[in-house]
2 protein chains.
Amino acid sequence: GRGEAVKESERENTLSGFLTTAVLSDSAREKTIFIHGKLADQEAVVILEKTPFREETLAEIFNGSKLKLDMKNDIYSTYRLQAPPHLNEIKTTVVCPATEKHVNKYKHQESFLVEEAWEDYQSITLPYIQEQSFSVQWVYNILEKKAEAERIVFEDPDPETGFVLLPDFKWDQKQVDDLYLIAIAHKKDIGCLRDLTSDHLPLLQNIFQKGKEAILQRYNLPASKLRVYLHYQPSYYHLHVHFTKLGYEAPGCGVERAHLLADVIQNLQSDPQYYKTRTLYFPLRADSGLLGRFKEAGRL
Amino acid sequence: GRGEAVKESERENTLSGFLTTAVLSDSAREKTIFIHGKLADQEAVVILEKTPFREETLAEIFNGSKLKLDMKNDIYSTYRLQAPPHLNEIKTTVVCPATEKHVNKYKHQESFLVEEAWEDYQSITLPYIQEQSFSVQWVYNILEKKAEAERIVFEDPDPETGFVLLPDFKWDQKQVDDLYLIAIAHKKDIGCLRDLTSDHLPLLQNIFQKGKEAILQRYNLPASKLRVYLHYQPSYYHLHVHFTKLGYEAPGCGVERAHLLADVIQNLQSDPQYYKTRTLYFPLRADSGLLGRFKEAGRL
């Protein structure tokens, strides 16, 4: 209640007694850190996030700061700038008392880059995928219009080369800046990149061409504004293609996981068995079962 | 040279007279701002970036800061924290004197995906690169130890297969979470990916192998935590390779611009002329001269 708030704000520093148990995760890029610890004998999670710059405070920052030179080369120099604290605040969120669920929610899972030769795919990855028998019932529901039928943006019903195009869950469809659609093939026997051969070129070219056309028609975005790619490893083993807006840094669009559809097509054109001979690289999270298999096999 | 550096570091605050002309771009997510302005009558670009949190300073931050309550609701509360300036530095990069090119480089611009067939490279891209004759003097300064010599992490001096490995400007080297190093080849006649043939495999393999070893040695990061790649288009036309930490979403690590060095090596092994036959895709900013050329040629 408000009474508590007043009392709290009067204290000099609630966090001065905070004892860190562990850093749950952090982002050097976003300047955030998630910390698990104890606050007056209670479990707590503290989230720190540096604040964005504000144009109206720049002059004061330039005039009122200390500057330490780090490096100078030609016209380039770098410094560490120590700004007045009130112009450089840190947004601080405290969850207290925190439960185990809070702690796990903020825990970062490290990932590791795996090197998968074709033989590794056959002896490690494929058996793992088959044992897990991941359900793709929700994908079939979409293809059969048992779910999400009203969300479909475009469909080509051809059983060999056809697909359904619909917005990804991550996209709220409020603006095209973070446009994210998924094309799901009607064909059910292609699990991932490793299954593709030149036999699938008509399917891939059809998805590429008609997917781009449908997005131009519906969202007025030309092909030159699109990043069209597959994931390897995918998050589900039924062929699908990601269409995201260029300039939007969609999760999973990094070079370590994404494969441009245009490159996949070229690769299969020049070598029908390309994805059955190449070593592929991909990241796996520390808690991934597949990573465990690679470790057991001495491949990490 | 270093003499300048010493002189510079003695000054209290080079930036106290900086006058902002315009904010070129900023990112609330990354806590960066790019500012165009004047520094002692010279055109300058100043880049400010808040620094990532470091675990070892957390206790001091918790104990030595002022805390202002913003909101309290049930177990959740938010504060503005004012930390001691030396624990909350702002990484500052100054480009001075800056040219119009620098200013435009940092201006936020939409980008477009370009499709470059080998013929397009020869008739559009290569002539453009040659006309511009971009200076790489700062690269030669590094290779010749005329600048940044003390920043070098590793060097193999071989003129054919050797390289210099050093931290990228973007990395403040305070934590490995956003590790970013660049390997710059000693060989001067390789501008970009398009110049590579199987003749360069010894060089590429050497950079890959020794770069990974040096990073393991110096930063204790194994190859499975690294993303090693080239850019196409690169930002300067002298062969260099990016080493960034897996999990850190480094700018330019997206599939539309980055090419895994491991893939480049495999591609050249299977086809010595791979990069002289393939269509390559890359984003270009709206204000890029090269984009203009692709438009004139009717290729966009």
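Keep in mind that this is a model prediction, so the values were computed, not measured.

Q: How should the packing of helix α4 (residues 118-132) of chain B against helix α8 (residues 289-296) of chain B be read in this particular structure?
A: The axes of two packed helices give the description: the angle between them and the distance between them. All names here are of chain B. Contact pair α4 / α8: the axes reach a minimum separation of 10 Å and the direction vectors enclose 145 degrees. The two elements α4 and α8 meet at a crossing, and its hand is right-handed. Of the residues in α8, those touching α4 at Asp-120, Ile-124, Thr-125, Tyr-128 and Glu-131 are Gly-289, Leu-290, Arg-293 and Phe-294.

Q: Where do I start with the domain arrangement of chain A in this structure?
A: Note: interface size is frequently given as the accessible area lost on complex formation between the parts. Annotation of chain A at the domain level lists domain 1 (2-105) and domain 2 (111-296). A C-alpha centroid distance of 38 Å is found between domain 1 of chain A and domain 2 of chain A.

Q: Would you mind going over the sheet that holds strand β10 (residues 180-185) of chain B with me for this structure?
A: Pairing between the strands of a sheet is mediated by backbone hydrogen bonds and can be parallel or antiparallel. All names here are of chain B. Ordered in space as β8-β9-β10-β12-β11-β13, the six strands form an open sheet in which the pairing is antiparallel. Edge strands, defined here as strands with exactly one partner in the open sheet, are β8 (154-156) and β13 (258-260). Between one strand axis and the next, the sheet turns through 25 degrees on average, direction left out of account. Bridge count for β8 against strand β9 (residues 163-167) is three bridges, and the pairing is antiparallel. Paired with Glu-155 across the strands is Val-164, a residue of β9. Across the sheet, helix α6 (residues 201-219) is in contact with β8, β9, β10, β11 (226-231) and β12 (240-245); its angle to β9 comes to roughly 40 degrees. Across the face of the sheet, helix α7 (residues 261-270) comes into contact with β11, β12 and β13 while running at roughly 65 degrees to β13.

Q: Sorry if this is basic, but what is going on with the sheet that holds strand β1 (residues 19-27) of chain A here?
A: Spatial strand order, β1(A)-β2(A)-β3(A)-β6(A)-β5(B)-β4(B): six strands in an open sheet with antiparallel pairing. Single-partner strands in this sheet number two, and they are β1 of chain A together with β4 (66-73) of chain B. Neighbour to neighbour, the strand axes of the sheet diverge by 20 degrees on average, direction disregarded.

Rules used throughout
- What you see as residue numbers is a count from 1 along each chain, following the sequence as written.
- The lettering of chains begins at A and the numbering of ligands begins at 1, in the order of writing.
- Given that this is a predicted model, residues contribute local features only at a pLDDT of at least 70 and side-chain atom pairs are listed and counted only at 80 or more, while totals for whole chains, interfaces and linings are drawn from all residues.
- Where side-chain values are given, they derive from all heavy atoms of the structure, hydrogens and water being excluded.
- Each axis is a line fitted through C-alpha atoms, taken for helices only over the stretch in contact, and angles between the N-to-C directions span 0 to 180 degrees.
- Every helix listed is a DSSP run of H or I at least four residues long, and every strand listed is a run of E at least two residues long, numbered separately from the N terminus.
- Here is the rule for handedness: rotate from the far helix to the near one, and if that takes an anticlockwise turn smaller than a right angle the crossing is left-handed, while a clockwise turn gives right-handed.
- The contact rule is simple, with two residues in contact once any of their heavy atoms fall within 4.5 Å.
- The domain boundaries here were taken from an automatic or database domain assignment.
- Between any two strands, pairing holds if DSSP finds at least two bridges.

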